[in-house]
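Results of the structural survey
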Amino acid sequence: MIAYLSGAVREVREASAVIVAGGVGYEVFCPASTLGRLVPGQPAELNIRHVVREDAQLLFGFLDTDSLRLFDLLIGVSGVGPKLALSLLSALPVTAVAQGLLSGDVKLLSSVSGVGKKTAERLVLELQNKVPEHLAVGAPGGAGKAAVTSTAGRDAIEALLALGFREPQVRSVVAELLAADPEQSADALIRKGLGKLR
């Protein structure tokens, strides 16, 4: 089983990247947060979860071990496959997903495309006591306050909501961006936010 992959990024696609290692190009499905940091021609190191099915062998890659750990917890829930888990981790930051599970925020989790209310309730029921609390550090409430008190953050949230994105996702993404750099302009937040929300 493949657990780690180090090589050059050959191509970044909508939901995956091609990593060349040892002369072989591996297609690795990644959350948006990982894809956004991969640059064609540059080296990359990914933590891999190798999923073997009857009809396919799929690689899922993550830049950090926290994302991989949460991915493993999500796919351990009945009815949640790797693609749905990846959708959750693409739509929301790891901290927001973890906080949503810990606090039982079914509304936040079900705001992600493909995650219905019943699936969100099942995720909370099965994972609420399994998610390590450190994964939720920096989730809205901490970084989230920066999004609300910052003028640029408020402007970015309003603009992204006007484009039709859902409020829980928008607030989580803007909070994550502000946590990384509190001095960002509204324009920068909107541009980066669009990249994470699409």
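The notes below deal with the structure included here. On a predicted model such as this, the values are computed, not experimentally measured, just so you know.

The rules behind each value
- Residues numbered from 1 in each chain as written.
- Predicted model: local features only at pLDDT ≥ 70, side-chain atom pairs only at ≥ 80, totals over all residues.
- Heavy atoms only, no water.
- Core = buried A, V, L, I, M, F, W, Y, C linked by side-chain atoms within 4.5 Å.
- Buried < 20%, exposed > 50% of the residue type's maximum accessible area, 1.4 Å probe, protein only.
- Helix = DSSP H or I, 4+ residues; strand = E, 2+ residues; numbered from the N terminus.
- Contact = heavy atoms within 4.5 Å.
- Axes fitted to C-alpha atoms, helices over the stretch in contact; angles between N-to-C directions.
- Parallel < 35°, antiparallel > 145°, perpendicular 65-115°, else oblique.
- Left-handed = near helix turned anticlockwise from the far one by under 90°.
- Nonpolar A, V, L, I, M, F, W, Y, C, P; charged D, E, K, R; others polar.
- Phe/Tyr/Trp six-rings, centres within 6.5 Å; stacked < 30°, edge-to-face > 60°.

**Overview of the nonpolar core**
Core analysis: the biggest nonpolar cluster contains 36 residues, and L70, L74 and L101 have the highest contact counts within it. Contributions of two or more residues to this core are made by strand 5 (57–62), helix 2 (65–75), helix 3 (82–91), helix 4 (94–103), helix 5 (106–109) and helix 6 (117–127). Among the elements that make up this core, the one with the highest residue count is helix 3 (six residues). Discounting residues that sit within four places of it in the chain, L101 has contacts with L70, L74, L109, L123, V124, L127, Q128 and V131. Residues L160, V173, I190 and L197 belong to the second largest nonpolar core, which totals 14 residues.

**With respect to the packing of helix 2 against helix 3**
At a minimum axis separation of 9 Å, helix 2 and helix 3 run at an interaxial angle of 135 degrees. In terms of orientation, helix 2 and helix 3 fall into the oblique class. Crossing angle aside, the handedness with which helix 2 passes helix 3 is right-handed. Between helix 2 and helix 3, the residues in contact are S67, L70, F71, L74 and I75 and P82, A85, L86, L88 and L89, respectively. In terms of residue class, the contact of helix 2 with helix 3 is made up of nine nonpolar, one polar and no charged.

**Looking at the packing of aromatic side chains**
In this structure the tally under the stated criterion is three aromatic pairs. Centroid distance F29 to F60: 5.8 Å. Interplanar angle 35 degrees. Geometry classified as tilted. Taken together, the residues F29 in strand 3 (residues 24–29) and F60 in strand 5 connect sequence positions 31 residues apart. The pair formed by F29 and F60 is uniform in burial state, with each residue classed as buried.

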